[in-house]
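# Structural description and commentary
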Amino acid sequence: MTNTHLTISNEVQQALREGRPVVALESTIISHGMPYPQNVETALRVEQTIRDNGAVPATIAIIGGQLTAGCTEEQIEYLGRQGQKVTKASRRDLPVLMAEKRDGATTVTTTMMIAHMAGIEVFATGGIGGVHRGAETTMDISADLEELAQTPVLVVCAGAKSILDLGLTLEYLETKGVPVIGYGTDELPAFYTRRSGFKVDYRLDSPAEVAAAFRAQREIGLKTGMLVTNPIPEAYQMDKEVIDAAIETALRECVQRGIKGKETTPFLLAKVKELTGGESLESNIRLVLNNASLAAQVAKELCSE
Ligand code: PSU
Ligand code: MN
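Structure report, in brief. Fair warning: this is a prediction, and the values are worked out from it, not measured in the lab. (Residues numbered from 1 in each chain as written. Chains lettered and ligands numbered in written order. Predicted model: local features only at pLDDT ≥ 70, side-chain atom pairs only at ≥ 80, totals over all residues. Heavy atoms only, no water.)

Let us now look at the overall build of the protein chain. In terms of regular secondary structure, the protein chain is built from 13 helices and eleven strands. Scaling as 2.2 N^0.38, a compact globule of 305 residues should have a C-alpha radius of gyration of about 19 Å, and the protein chain matches this with 18 Å. With the C-alpha coordinates aligned to their principal axes, the bounding extent of the protein chain is approximately 50 × 45 × 35 Å. Counting every position in the protein chain, which comprises 305 residues, the buried fraction comes to 56%. Within the protein chain, contacts between residues at least 6 apart in sequence are counted, and of these 75% link residues at least 24 apart. In the form shown here, the protein chain has an accessible surface area of approximately 13,200 Å², with 51% of it arising from carbon and sulfur atoms. (Helix = DSSP H or I, 4+ residues; strand = E, 2+ residues; numbered from the N terminus. Rg over C-alpha atoms; globule rule 2.2 N^0.38 Å. Buried < 20%, exposed > 50% of the residue type's maximum accessible area, 1.4 Å probe, protein only. Contact = heavy atoms within 4.5 Å. Areas by Shrake-Rupley, 256 points an atom, 1.4 Å probe, with all protein chains shown as cover.)

Laid out in structure tokens, this is it:
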């Protein structure tokens, strides 16, 4: 049965057919994760970085109800301009968006789903969602963790922001059987900073080692994803005190304003950015580029079987 809801760009289709490396990219980072126009500039730079490293980028989104792998520059520009007006689309949003032919920006969850449907195994992003602080009462746990548990896509990220409870996020991933790899580190990176104080399961030091681990899990038919956490380059790391203070303020304001559900993460991201000015945005851009380059190298290794 062909999937009539899925549209794969010609370039991506051809690369997949010829066994060339492809890297998936999410679109919520464009619409909800960064302000315009830096979001569009970054998305295009990320695509270029993937090309420079010998792979084909596939930015993923929902366009007019179609699950789209390989957005055009115009579609990226549109998502960036629309910003928060576009639906942030997680797993539960897909049925209605498809049926009503609406647009949606894909989170880590839906990007993994669509990448997998298209036959793309590697995905680069900034940070993943996780277990929120206070989840023991709010039950706010990102669908990203469930998706990592059930969809065999390798996700390269810079760890997770400490707007989340990083310890509980790691516990949850352990329960779900998701391998968490530190790239060149034993510690989970905390997005803006290289260290979080939490140990990861395994440290791997080259794209070939990461590809070998992913290939091994594929060979025994494991359906879990794999999380590769790649620390932000030293030069772009933020001062821990500055970022921690901003996160604390953002979290307090989030509770005071009664923000809940899917608005929580975008609110916290925007608030932290507002409080730390351009510095956190620059760090954010740099770490995404760094992840794109690693993901392309891993995708290349996976193709050289
Ligand atoms: N964390 C970031 N930047 C982001 C996101 C998370 O540092 O842009 C986005 C991603 O798309 C992620 C989503 O999948 O937020 C998680 O949202 P939630 O916590 O509502 O599941
Ligand atoms: Mn949530």
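Resuming the write-up.
On to the environment of L289. By the element assignment, L289 lies in helix α13 (residues 278–303). The spacing of L289 and E11 is 278 residues in sequence and 21 Å in space, taken between C-alpha atoms.

Turning our attention to helix α9 (residues 166–175). All of the buried residues in α9 are L166, G167, T169, L170 and L173. Along α9, the residues classed as buried sweep out an arc of 165° about the axis, all on the same side. Of the surrounding elements, those touching the buried residues of α9 are α8 (143–150), β9 (180–183) and β11 (226–229). For α9, the side-chain oxygen to backbone nitrogen distance between the N-cap and G167 is 3.3 Å, and the N-cap itself is D165. (Arc of directions from axis to C-beta. Polar contact = N/O pair within 3.5 Å; in protein donor to acceptor, adjacent residues only side chain to side chain.)

All right, on to the environment of A58 then. Residue placement: A58 occurs in strand β3 (residues 56–63). Between the C-alpha atom of A58 and that of E47, which follows or precedes it by eleven residues, the distance is 8.0 Å. Those residues in contact with A58 that sit more than four places away from it in its chain are V12, V22, V23, A24, L25, A69, G70 and I120.

This paragraph deals with helix α6 (residues 108–118). One turn of the α-helix equals 3.6 residues, which is why residues spaced by three or four share an orientation. Burial runs high along α6: nine of the eleven residues are buried. Among the residues of α6, those classed as buried are V108, T109, T110, T111, M112, M113, I114, A115 and A118. Looking one or two residues past α6, G119 carries a phi angle of roughly 90°, positive in sign.

What follows deals with the site of ligand 1. Of all residues adjacent to ligand 1, which total 15 residues, the nearest are E26, K88, S142, K161 and T265. Within the contact set of ligand 1, an oxygen atom lies 2.7 Å away from a side-chain nitrogen or oxygen of K88. Within the backbone of V108, an N or O atom sits 2.9 Å from an oxygen atom of ligand 1. Coverage of ligand 1 by the protein amounts to 92% of the 480 Å² it exposes when considered alone. Elements supplying a minimum of two residues to the shell around ligand 1: α2 (28–31) and α12 (264–276). (Near = heavy atom within 4 Å.)

Tallied over the entire structure, the rule returns one aromatic pair. Relative to Y192, the ring of F191 has its centre 4.9 Å away and its plane inclined at 80°; by these criteria the two rings are edge-to-face. Summarising the burial analysis for this pair, F191 and Y192 share the class buried. (Phe/Tyr/Trp six-rings, centres within 6.5 Å; stacked < 30°, edge-to-face > 60°.)

None of the figures reported here should be taken as evidence of function without further support.
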